[in-house]
Amino acid sequence: MTTTKDRIYQPSDLAGNHRKTFIAEALDSQARLRSTDGESLIMMRETRLEHIAAVRDHAVAYLTLDMALRRPREQRRPGDYGPWAFLDAFEDEDIEEFQQEVNDAIVRAASGRDHSPVERLLHEWRMSAETLSDPVAREILDGRSSDEDWVEVEDAAEPHETPQNEG
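Summary of the structure given here.

Rules used in this analysis
- Residues numbered from 1 in each chain as written.
- Predicted model: local features only at pLDDT ≥ 70, side-chain atom pairs only at ≥ 80, totals over all residues.
- Heavy atoms only, no water.
- Helix = DSSP H or I, 4+ residues; strand = E, 2+ residues; numbered from the N terminus.
- Buried < 20%, exposed > 50% of the residue type's maximum accessible area, 1.4 Å probe, protein only.
- Contact = heavy atoms within 4.5 Å.
- Phe/Tyr/Trp six-rings, centres within 6.5 Å; stacked < 30°, edge-to-face > 60°.
- Core = buried A, V, L, I, M, F, W, Y, C linked by side-chain atoms within 4.5 Å.
- Axes fitted to C-alpha atoms, helices over the stretch in contact; angles between N-to-C directions.
- Parallel < 35°, antiparallel > 145°, perpendicular 65-115°, else oblique.
- Left-handed = near helix turned anticlockwise from the far one by under 90°.
- Nonpolar A, V, L, I, M, F, W, Y, C, P; charged D, E, K, R; others polar.

On to the overall build of the protein. What the protein contains, in helices and strands, is six helices and three strands. Listing every helix and strand of the protein by position from the N terminus yields β-α-α-β-β-α-α-α-α. The proportion of buried residues among the 167 residues of the protein is 24%. By sequence separation, contacts in the protein at least 24 residues apart represent 39% of the contacts at least 6 residues apart.

This structure, assessed with the given rule, holds five aromatic pairs. Arranged with centres 5.2 Å apart and planes meeting at 85 degrees, the rings of Trp-84 and Phe-98 form a pair that is edge-to-face. In this pair, Trp-84 is assigned in the loop between helix 3 (46-69) and helix 4 (92-110) and Phe-98 in helix 4, connecting sequence segments 14 residues apart. On the basis of an interplanar angle of 75 degrees and a centroid distance of 5.2 Å, the ring pair of Phe-98 and Trp-125 is categorised as edge-to-face. A residue pair is termed long-range when its members are at least 10 positions apart, and Phe-98 in helix 4 and Trp-125 in helix 5 (residues 116-132) qualify at 27 residues. For Phe-98, a relative accessible area of 0% corresponds to the buried category. Through a chain of ring-to-ring contacts, the aromatic side chains of Trp-84, Phe-86, Phe-90, Phe-98 and Trp-125 assemble into a single cluster.

Turning our eyes to something else, we now look at the nonpolar core. Inside soluble globular proteins, nonpolar side chains tend to come together where they are buried. If you look at the biggest cluster of nonpolar residues, it comprises 23 residues, and the most contacted ones within it are Trp-84, Phe-86, Leu-87, Phe-90, Phe-98 and Val-102. Elements with a minimum of two residues in this core: helix 3, helix 4 and helix 5. Ignoring any residue separated from it by four or fewer positions in sequence, one finds Phe-98 in contact with Leu-65, Trp-84, Phe-86, Leu-87, Leu-122 and Trp-125. One finds Tyr-9, Ala-26, Ala-31 and Leu-33 within the second-largest nonpolar core, a separate group that totals five residues.

Interhelical geometry of helix 4 versus helix 5 gives an angle of 160 degrees and a closest axis separation of 9 Å. The orientation of helix 4 with respect to helix 5, classified from their angle, is roughly antiparallel. The interaxial crossing formed by helix 4 with helix 5 has left-handed handedness. Counting all contacts with helix 4, which are made through Asp-94, Glu-97, Phe-98, Glu-101, Val-102, Ala-105, Ile-106 and Ala-109, the residues of helix 5 involved are Val-118, Leu-121, Leu-122 and Trp-125. A class-by-class count of the residues in the contact of helix 4 with helix 5 yields nine nonpolar, no polar and three charged.

The quantities given are spatial measurements derived from coordinates; they are silent on function.
Quick look at the structure:
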C-alpha cells in the first residue's frame, strides 16, 4: 500500500485537487513530483535544503581534515585542512580534540534540523586560532612569558599649559 509520503505526484496533480496535499507534504518534510521527462523532483522547505547543504559541507570539510591528519605534521600545509585552514595554528593534540568535537557536532546536526552548534563551535575555534596567531599572546598562553618581560606604564604627565598670545 502506498502512503502519501511514498506518493509521486504528476504535473497534472498540481492543477487539480492534490495541489494542497502536495504543498502540505512539502511543508511537513518533502514531496516528490515526476516531471514530464521522467525526472523525479523533490520539493521541501528552503531552510531544510540549506541545513542539508550545510551538514554536507561540514562533513566534506571533516573528511578533508581527516585526510590531512594522516600525513605527518611537517608534510602538512594550511591549505591541506581545506576550509578549516585556521587549524594550522594548533598543535596536533588540539587538532585531534577539535576533530572529536566537530565530529560530535556534525552527527548531532545531521540527526536534527539545526546546524548552528557546528557554526558556533567553528567560530570558537577560529577565535582561538586568531589568538594563537599573535606571537605575544601565544607566549603568554604557553607560559613562556614571565613578569620580568613586562614593565609598568606610568600615567602620562599632565600637558603643560601654553600661554595664549594676547594681541
